[in-house]
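Chain by chain, the residues:
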Amino acid sequence: MVVLLVLTSALLTLLSFGSTLSSSSQASGEGIPGKKCGTIILTAEELGNCRDCVTMQFCANKLDKKDFFGRSDPFMVFYRSNEDGTFTICHKTEVVKNTLNPVWKPFSIPVRALCNGDYDRSIKVEIYDWDRDGSHDFIGEFTTSYRELSRGQSQFNVYEVVNAKKKVKKRRYVNSGTVTLLSFSVEAEHTFLDYIKAGTQIHFTVAIDFTASNGNPSQSTSLHYMNPYQMNAYAMALKAVGEIIQDYDSDKMFPALGFGAKLPPDGRVSHEFPLNGNVDNPYCNGMEGILEAYHQSLKTVQLYGPTNFAPVISHVARYAAAVEDGSQYFVLLIITDGVISDMAQTKEAIVNAAKLPMSIIIVGVGQAEFDAMVELDGDDIRISSRGKLAERDIVQFVPFRDYMDRTGNHVLSMARLAKDVLAEIPDQLISYMKSRGIKPNQTPSDCSPEAGLSPTSTI
C-alpha cells in the first residue's frame with residue numbers, strides 16, 4: 001500500500017521511510033521559492049487483528065466549577081497512546097451542560113482505535129469545560145488501560161481527576177473531581193466479508209430510465225444512442241457496477257427492469273417492465289445478458305415518461321421483505337437522466353425499504369440538475385416521509401459526468417465510478433445486520449490479550 005500526502009510540491013509516501021512501521025517521516029513543502037510552506041509529519045503503526053467493539057458509559061462527581069455564571073459544561077476526550085510515547089485523540093464525548101456531576105451517554109469505539117488491541121497500553125482521558133469560543137478550560141485528567149476498564153463497574157474504575165498545575169500551586173489540593181465507569185460491554189465487530197464468507201448472497205437488480213428526455217436512441221445526441229464503436233453512458237454505468245457486484249451472486253442471474261416507456265402492442269406506459277420482455281422471468285444471464293436485453297428494449301419500446309422511481313424500488317423491496325434473516329441482501333441500481341417525477345412516493349418507498357436488507361444506487365447520466373437525487377442520498381440529512389425517518393441511509397447517488405475521464409479513457413471512468421458507488425454497500429449491509437442482531441456463522445479472528453499486534457488485512 002502506498003499513501004501519498006501532498007503539500008505544495010512535496011510528496012511523501014510510506015515507502016519513503018521503508019518497511020518499518022510505527023516510525024515517522026517528514027517532508028517540507030517547497031511550493032514558493034524562498035519560503036518554507038510548512039511540514040507534514042506522517043506516523044504509521046501496524047493495526048492489530050482485534051475486531052472487537054467496546055461500549056462504555058461514564059459519569060463524574062464534584063468536578064471543578066469553571067464558569068463564573070453557572071456550573072461547568074464538561075466533556076471528556078480520550079487519547080490512545082502510540083508506540084513512540086505520543087497520544088492521539090480517539091474519541092470525544094458530548095457536552096453535558098451546566099453541571100458538576102455529569103452523566104455522559106454510552107458510546108461505542110473499536111478496540112483497535114482505543115488501544116490497537118494492546119490491553120495494557122495507556123489510555124489518557126482529559127476532562128474539559130466547554131466554552132462557546134472554543135477555548136475550553138482544562139479541568140483535569142486521569143490514565144487507565146483497556147484491561148482496567150474491562151473489569152467493569154467496580155472500585156477499580158473510579159478515577160481521580162487531577163490538574164497537575166493546580167496540584168503544584170495548592171498545597172491542600174486533592175483532586176478536581178472523580179470519574180466513574182458505569183458500564184462496559186464488548187461485542188465482535190463483523191466485516192462485510194465475514195457475512196459473505198458465511199453465505200450471504202448479494203442479489204443485484206438494475207432499473208433503466210426509458211423516458212423521452214434521454215433523446216431519440218437513433219440519434220447521436222441521445223443518451224441511449226447505440227454507437228457501434230463505444231458504449232453509451234447507460235451501458236458504461238451498468239457494466240462498471242455490475243461486473244463487480246456480480247461476483248457476490250452465485251448464479252449470476254439478474255432481474256433487469258425499465259421504467260418510463262410505452263410498451264407494445266397497446267402503447268401502455270410502464271414504470272416496471274422486464275427488459276427481456278418476460279414478465280414471469282425478468283432474469284438475465286450476467287452482464288452480457290442485461291446489456292443484450294437493454295439494447296433489444298431500445299428497439300421495441302417507445303421512450304415516454306414520467307420519471308418514476310417508486311415502482312421499481314417497491315418491486316425489489318417486495319423480494320427483500322420475504323428474506324430478512326441475513327441470508328440475502330438486495331442491491332438496486334437505478335440509472336436515470338433527469339428530474340424525478342414522483343418524489344413523495346419515492347421518499348415513502350425508500351423509508352419503507354430502509355428497514356429491509358436492501359441498498360439503492362442511483363447513477364445520474366447526462367447534464368441535468370440532480371438536486372433531488374442528492375436529497376435522496378441522505379448523507380447530510382436522513383430522508384423522511386410523512387414524519388417518519390428512514391431507519392438507515394440506504395441510498396448512494398453519483399452523477400456519472402463527474403467520473404468521465406478527460407482523455408476519453410472509459411476504462412478509467414468506469415473504475416472510478418464503480419469504486420464510489422459501491423463504497424457504501426458494505427457498511428449498509430453491516431448496519432442492517434447489526435440492527436437485526438444477525439451475526440455471520442463464521443466468527444471473526446480471535447481477539448485476546450495474547451493476540452498482541454499481529455498483522456491483519458483491512459477490508
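Residues numbered from 1 in each chain as written. Predicted model: local features only at pLDDT ≥ 70, side-chain atom pairs only at ≥ 80, totals over all residues. Heavy atoms only, no water.

**Student:** Which parts of the structure should I look at to understand the sheet that holds strand β19 (residues 302-303)?
**Tutor:** The pairing of strands in a sheet happens through backbone hydrogen bonds and is either parallel or antiparallel. Ordered by their spatial adjacency, 3 strands build an open sheet running β16-β15-β19, and the pairing between neighbours is antiparallel. Of all strands in the sheet, those with a lone pairing partner are β16 (268-270) and β19, marking the two edges. Judged from the 2 bridges that link them, strand β15 (residues 261-263) and β19 form a sheet pairing that is antiparallel. In the sheet register, K262 faces β19, and the bridge partner there is Q302. (Pairing = 2+ DSSP bridges. Helix = DSSP H or I, 4+ residues; strand = E, 2+ residues; numbered from the N terminus.)

**Student:** How should I be thinking about the packing of aromatic side chains in this particular structure?
**Tutor:** Two aromatic rings are characterised by how far apart their centres lie and by the angle between their planes. By the definition in use, this model includes 16 aromatic pairs. For the ring pair Y146 and F184, a centre distance of 5.6 Å and an interplane angle of 65° mean the geometry is edge-to-face. Of this pair, Y146 sits in helix α2 (residues 146-149) while F184 sits in strand β12 (residues 178-188), and the two are 38 residues apart along the sequence. Comparing Y146 with F184, the two get one shared label, buried. Geometrically, the ring pair formed by F370 and F397 is tilted, given 5.5 Å between the ring centres and 50° between the ring planes. Taken together, the residues F370 in the loop between β21 (358-364) and α9 (371-377) and F397 in strand β24 (residues 395-399) connect sequence positions 27 residues apart. For F370, a relative accessible area of 5% puts it in the buried group. Here F397 falls in the buried class, since its relative accessible area comes to 10%. A network of ring pairs unites the aromatic residues F210, Y234, F273 and Y294 as a single cluster. Here the guanidinium or amino end of K124 rests over the ring plane of F87, the centre of that ring lying 4.5 Å away. The cationic tip of R151 hangs over the ring face of F156; the distance from NZ or CZ to the ring centre is 4.5 Å. (Phe/Tyr/Trp six-rings, centres within 6.5 Å; stacked < 30°, edge-to-face > 60°. Buried < 20%, exposed > 50% of the residue type's maximum accessible area, 1.4 Å probe, protein only. Lys NZ or Arg CZ within 6 Å of the ring centre and 35° of its normal.)

**Student:** I'm lost on the pairing of strand β9 (residues 122-129) in this one. Help?
**Tutor:** If a strand is regular, its side chains alternate between the two faces of the sheet. With respect to burial, β9 is a largely interior element, 7 of its 8 residues being buried. In this structure, strand β6 (residues 74-81) lies alongside β9, joined through 7 bridges in antiparallel fashion. Within β9, the position partnered with Y79 by the bridge is K124. Sheet topology note: the β9/strand β10 (residues 137-145) ladder contains 8 bridges and is antiparallel. By the bridge assignment for β10, V125 is matched with F142.

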